[in-house]
2 protein chains.
Amino acid sequence: MDLRQMRYFLALAEERNFTRAAARLHIAQPPLTRQIRALEQALGSVLFLRTPKGVELTEAGHALLDEVPNLLALAQRARDRAQLAGQGRTGRLDVGIFGSGIFDVIPRLLARFHAERPDVRIVLHNHTKAEQIEALRERRIAIGFNRLVPAENDLVVETVLREKLVVALPENHRLARRRKLALADLDDEPMILYPKQPMAGLAQRVIQAFTLDDVRLRIEQEVEDVLTGIALVVGGFGFCITTESSTNLRLPGVAYRPLDCEHLRDIELACLYRKGDTSPVLAAFLEIVRGSPKRRARKISGTRHLIRESRQ
Amino acid sequence: MDLRQMRYFLALAEERNFTRAAARLHIAQPPLTRQIRALEQALGSVLFLRTPKGVELTEAGHALLDEVPNLLALAQRARDRAQLAGQGRTGRLDVGIFGSGIFDVIPRLLARFHAERPDVRIVLHNHTKAEQIEALRERRIAIGFNRLVPAENDLVVETVLREKLVVALPENHRLARRRKLALADLDDEPMILYPKQPMAGLAQRVIQAFTLDDVRLRIEQEVEDVLTGIALVVGGFGFCITTESSTNLRLPGVAYRPLDCEHLRDIELACLYRKGDTSPVLAAFLEIVRGSPKRRARKISGTRHLIRESRQ
DNA sequence: AACGAACGATACCTCGACGGTATGGGAGGC
DNA sequence: GCCTCCCATACCGTCGAGGTATCGTTCGTT
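Owing to the predicted nature of the structure, the values given are computational and were not obtained by experimental measurement. (Residues numbered from 1 in each chain as written. Chains lettered and ligands numbered in written order. Predicted model: local features only at pLDDT ≥ 70, side-chain atom pairs only at ≥ 80, totals over all residues. Heavy atoms only, no water.)

Student: Which parts of the structure should I look at to understand helix H6 (residues 129-137) of chain A?
Tutor: In an α-helix, one turn spans 3.6 residues; hence positions three or four apart end up facing the same way. Residue and element names in this part refer to chain A. The set of residues buried in H6 consists of Lys 129, Gln 132, Ile 133, Ala 135 and Leu 136. Axial view of H6: buried residues confined to an arc of 165°, hence all on one face. In this fold, the buried residues of H6 make contact with strand S3 (91-97), strand S5 (143-147), strand S6 (155-170), helix H7 (201-212) and strand S12 (266-274). Just beyond H6, the residue with positive phi is Arg 139, at close to 65°. (Buried < 20%, exposed > 50% of the residue type's maximum accessible area, 1.4 Å probe, protein only. Helix = DSSP H or I, 4+ residues; strand = E, 2+ residues; numbered from the N terminus. Arc of directions from axis to C-beta. Contact = heavy atoms within 4.5 Å.)

Laid out in structure tokens, this is it:
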């Protein structure tokens, strides 16, 4: 019993005439006769009564006819789903994100991917750098975004873009009148440092630059995420060095000024995924990621559809 | 894409190893490799990643694996149902019955059939003789029971049994003291005649016999069914000639005595069905019907399971 | 009553596909 | 470095699918 016989059976059951059913199936009448007979023998039941005017269904035929359309529909669905999944048009993409990365480029990438592959479910996971690497190895996520990612031999790290750094400071701060700032301008100014704890990539770089340029560092507060940092800036606690994409975080009373510094020129945003991952969904997403830099000037928009899960 | 490939796919997806899956399928490994590749080409999606240690499922493979067990189960169910229906082990039997036929042999036949074929739904339809014939032609019933059925050229009439006739009369009637009665004993006695209207088979025969034997007929009441007739006997309106199987209708105050009459010896109970009806359910039921006479001495029992519908 | 049309069954043929055996090639493990 | 395991490839025989031609039966028509 195979699917071809099921299709033949259905055609004959509907046409109630071998000749017409064969025509509909684009085969000659004798092969149809033979296939139906083979099916009847396989089942051990007569399915059709042959009459001079055509055929009619027996009870066994009716019983089978009750099932066959479901069967064929299910087969079609199985085929469709496998095809769609194979093209990466359906399925799911688990993405690891981190605190300050969620303001500009990542939501835009996800929005574009969603527009292209509306049937792929995007699931976001907030992870620190170390957690992302672990989650990738355990296949809980397919791709992660982070900054200053160390090389790992089972993971691929691709730089998505390099972001300039900016200084966030109170609008009424005396330095806010300047169009751009050098590191020396920040000498001994109260500073809000972040991230404090989770894989201190940016903070480390900032401290390093201050040391290299021999500028005095006065850490007023240490915080764990940008949002808190900027909130403290609004509160007048000091300035904060952050990435350009954070300027999307427009809070009243805060001003952003470009930072011009040789040792702290820009900071990379990278994505990382498993070496040898053949997932078509991932491949499609990486295409979006790689094609992105050209159009990165736009602002956040249309990200409402995103599913956000702290952890799956 | 056919069911064989689905079975192969499932085996490989479960074993995650071509060699073992092939062994499980009782084929060599190369044909399995070829079938899987053919399936992948048909779908246009890679289903398995070949690794040195075996294979693992791709996303397309997982998507297909979600569907395949359902598909195979449905195919199996379709096959089973068609087979069962073909053997007459499932399905439905619509039976036409009539008033006085429901007391003895028909319920026994139905009970025996139900015991043998518990998955066949038996549906009873109360019909007069003419209605039964019409219902048979319109395929609303597969078999009918009746008495004194005229020959029809598209229907088969088979005598199920010949029933002796009895006289039902009040217990305290003077004739009730006799062990058996002749027609002459009923001369000018008040009589309850049935059936009055629906195809007066028995009534006609009774009148005919009285005429032939030159016995005076005094029709006190004409009724349409046995039950009413016997009820009137209980009420003392007169006697009633009915079939032996009616004696199962034990009402207080009524006595049944065999009728000994040359011209009214017995009356046949026949079943009728469509000529050329190949229904396996019907065939199975007819076997029961034909095998019945040998054991017809038993009383009614176990008929509670019957579905009774006045009309479907 | 004989003929023709319609329909399914049968006979026979060709070719493609399935399964089998033998063998190749690549990755890990002792 | 060799052995083992696993999948892929090459080649062969057989079975089965579909095609054409034709037959037998049953209607309806002439």
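Student: It is not clear to me how the interface of chain A and chain B should be interpreted in this structure. Could you clarify?
Tutor: How big an interface is tends to be expressed through the accessible area that disappears when the partners come together. Contact with chain A, which involves 30 residues of that partner, is made by 30 residues of chain B. Three residues stand out in chain A for area buried against chain B, namely Met 1, Glu 59 and Glu 67 of chain A, and they jointly supply 22% of the buried area on that side. Applying the counting criterion to the chain A and chain B interface returns 5 salt bridges. Among the ionic pairs, Glu 67 of chain B bridges to Arg 77 of chain A, the shortest N-O distance being 2.9 Å. (Buried area = accessible area lost by both parts, 1.4 Å probe. Salt bridge = Lys/Arg side-chain N within 4 Å of Asp/Glu carboxyl O.)

Student: Any chance you could explain the environment of Arg 4 of chain B here in plain terms?
Tutor: Residue and element names in this part refer to chain B. On the secondary structure map, Arg 4 appears in helix H1 (residues 3-15). Taking relative accessible area as the criterion, Arg 4 reaches 40% and is therefore assigned partly exposed. Sequence separation of Arg 4 and Gln 35 is 31 residues, and the distance between their C-alpha atoms is 8.9 Å.

Student: Would you mind going over the protein's contact with DNA strand D with me for this structure?
Tutor: Tyr 8, Ala 28 and Gln 35 of chain A together with Thr 33 and Arg 50 of chain B are the nearest of the 21 residues found near DNA strand D. In the model, a base nitrogen of DNA strand D is placed 3.0 Å from a nitrogen or oxygen of the Arg 34 of chain A side chain. Where the surface near DNA strand D is concerned, the elements lending two or more residues are helix H1 (3-15) and helix H3 (29-43) of chain A together with helix H2 (18-25), helix H3 (29-43) and strand S2 (54-57) of chain B. When the residues that make up the surface near DNA strand D are grouped by side-chain class, the tally is 10 nonpolar, 7 polar and 4 charged. (Near = heavy atom within 4 Å. Polar contact = N/O pair within 3.5 Å; in protein donor to acceptor, adjacent residues only side chain to side chain. Nonpolar A, V, L, I, M, F, W, Y, C, P; charged D, E, K, R; others polar.)

Student: What is the right way to read the pairing of strand S12 (residues 266-274) of chain B from this model?
Tutor: For a regular strand, the rule is simple: side chains alternate between the two faces of the sheet. Residue and element names in this part refer to chain B. With respect to burial, S12 is a largely interior element, 8 of its 9 residues being buried. As paired strands, strand S5 (residues 143-147) and S12 are joined by 5 bridges and run antiparallel to one another. Within S12, the residue paired with Ile 143 across the bridge is Tyr 273. Bridge count for strand S6 (residues 155-170) against S12 is 9 bridges, and the pairing is antiparallel. The residue bridging Glu 163 from the neighbouring strand is Ile 267, located in S12. (Pairing = 2+ DSSP bridges.)

Student: Where do I start with the packing of H2 of chain B against H3 of chain B in this structure?
Tutor: Residues and elements named next belong to chain B. Between H2 and H3, the least distance of the axes is 8 Å, while the angle of their chain directions is 105°. Considering their axes alone, H2 and H3 lie roughly perpendicular with respect to each other. Contacts between H2 and H3 pair Phe 18, Thr 19, Ala 21, Ala 22 and Leu 25 from the former with Gln 29, Leu 32, Thr 33 and Ile 36 from the latter. A per-class count over the contact of H2 with H3 returns 6 nonpolar, 3 polar and no charged. (Axes fitted to C-alpha atoms, helices over the stretch in contact; angles between N-to-C directions. Parallel < 35°, antiparallel > 145°, perpendicular 65-115°, else oblique.)

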